[in-house]
Amino acid sequence: MSDTAVKKTRIRKAHWIPVVAGFLRKGPQVLVGQRPENHSLAGQWEFPGGKIESGEPPEVALARELDEELGIEAEIGELKLACTHSYGDVNILILFYEVKYWKGEPKAKHHLMLEWIHPEELVHRSIPEANRKMLNRIFQALGVQWPR
């Protein structure tokens, strides 16, 4: 096989997007936001967060995203969960962090709406496939029992 033939059959390098998400808690509830209509996965419910910019530490990225999306100044806690998912040709690495505390009241600056829900409600919500496939791990990270 010639070098040209070998190069043509090589698999394309995967495209990865690093993403951060935060667990904001109020008692037994967590904050979720509904994705806006003009974005991918429109209408689905997600934990607040977003993409990590080049050279940005994940904790800094999450604090920035929470300021941009919710208008709050947050202190980011420990990494609770890391996982991957593929949406066709796009692969995402999601890092979920505990949000220790924040200043300000979260506002829907990016999302259609925000809701404080019991984590068990996620089972019945329209959520991104990346979250759906690992709900048991999300519940474990939140210290919640898997619903029976």
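This text follows the structure it describes.
Residues numbered from 1 in each chain as written. Predicted model: local features only at pLDDT ≥ 70, side-chain atom pairs only at ≥ 80, totals over all residues. Heavy atoms only, no water.

Asker: Explain the overall build of the protein chain to me, please; I cannot follow it from the model alone.
Answerer: Counting secondary structure elements, the protein chain contains 4 helices and 8 strands. In sequence order, the protein chain lays out its α and β elements as α-β-β-β-β-β-α-β-β-β-α-α. With respect to the principal axes defined by its C-alpha atoms, the protein chain has extents near 65 × 40 × 30 Å. Burial statistics for the protein chain: of 148 residues in total, 43% are counted as buried. At a minimum sequence separation of 6, the contacts of the protein chain that also span at least 24 residues come to 65%. Just so you have it, the protein chain exposes about 8700 Å², and 52% of that area is on carbon and sulfur atoms. When the 20 basic and 20 acidic side-chain charges of the protein chain are each reduced to a single mean position, those positions are 6 Å apart. (Helix = DSSP H or I, 4+ residues; strand = E, 2+ residues; numbered from the N terminus. Buried < 20%, exposed > 50% of the residue type's maximum accessible area, 1.4 Å probe, protein only. Contact = heavy atoms within 4.5 Å. Areas by Shrake-Rupley, 256 points an atom, 1.4 Å probe, with all protein chains shown as cover. Lys, Arg positive; Asp, Glu negative; His and termini not counted. Charge placed at Lys NZ, Arg CZ, Asp CG, Glu CD.)

Asker: Just to check I follow, could you spell out the nonpolar core for this structure?
Answerer: The tendency in soluble globular proteins is for nonpolar side chains to be buried side by side. One finds Phe23, Phe47, Ile94, Phe96, Leu122, Met134 and Ile138 to be the most contacted residues of the largest nonpolar core, which totals 24 residues. At the level of secondary structure, the elements contributing two or more residues to this core comprise β1 (15–23), β3 (29–34), β6 (73–87), β7 (90–103) and α4 (135–142). Per-element accounting of this core gives the leading share, 5 residues, to α4. Sequence-distant contacts of phenylalanine 96, that is, excluding residues within four places in its chain, are made with Ala21, Phe23, Phe47, Glu78, Leu79, Lys80, Leu81, Cys83, Asn131, Met134 and Ile138. (Core = buried A, V, L, I, M, F, W, Y, C linked by side-chain atoms within 4.5 Å.)

Asker: Is there a simple way to think about the layout of surface pockets in this case?
Answerer: Left-over empty space is what a probe sized like a water molecule reveals as it rolls over the atoms. Its boundaries defined by the atoms lining it, the largest pocket holds a volume of some 580 Å³. In terms of lining, the largest pocket is formed by 25 residues, of which the most central are Val19, Arg35, Leu41, Glu46 and Gly50. Listed by contribution, the elements that provide at least two residues to the lining of the largest pocket are β1, β5 (49–51), α2 (58–70), β7 and α3 (129–132). Of the residues contributing to the lining of the largest pocket, the split by class is 14 nonpolar, 6 polar and 5 charged. (1 Å grid on protein atoms, 1.4 Å probe; cavity = no way out; pocket = protein on both sides within 12 Å on 5 of 7 lines; lining within 4 Å. Points joined across faces, edges and corners; volume = space filled by probe spheres on them. Nonpolar A, V, L, I, M, F, W, Y, C, P; charged D, E, K, R; others polar.)

Asker: How do you make sense of the packing of aromatic side chains when you look at a structure like this?
Answerer: The geometry of two aromatic rings is summed up by the distance between their centres and the angle between their planes. Per the counting criterion, the structure on display carries 4 aromatic pairs. Every member of this aromatic cluster is reached through a ring pair, and the members are Phe23, Phe47 and Phe96. In this structure, arginine 125 packs its charged tip against the face of tryptophan 45, placed 4.6 Å from the ring centre. (Phe/Tyr/Trp six-rings, centres within 6.5 Å; stacked < 30°, edge-to-face > 60°. Lys NZ or Arg CZ within 6 Å of the ring centre and 35° of its normal.)

Asker: Teacher, can you tell me more about the environment of proline 58 here?
Answerer: Within the fold, proline 58 resides in helix α2. Apart from residues lying up to four places away in sequence, proline 58 is in contact with Val20, Ile52, Leu95 and Tyr97.

Asker: Just checking my understanding: could you explain the sheet that holds β7 for this structure?
Answerer: The pairing of strands in a sheet happens through backbone hydrogen bonds and is either parallel or antiparallel. Taken in spatial order, the 4 strands line up as β5-β1-β7-β6 in an open sheet, and their pairing is mixed. Lying at the two open borders of the sheet, with one neighbouring strand each, are β5 and β6. Direction aside, the axes of adjacent strands within the sheet are offset by 20° on average. The sheet contact formed by β6 and β7 spans 12 bridges and is antiparallel. The partner of alanine 82 across the bridge, within β7, is leucine 95. Taken strand by strand, α4 contacts β1, β6 and β7, and its axis lies near 165° from that of β6. (Pairing = 2+ DSSP bridges. Axes fitted to C-alpha atoms, helices over the stretch in contact; angles between N-to-C directions.)

Function-wise, these values are silent; they only describe arrangement.
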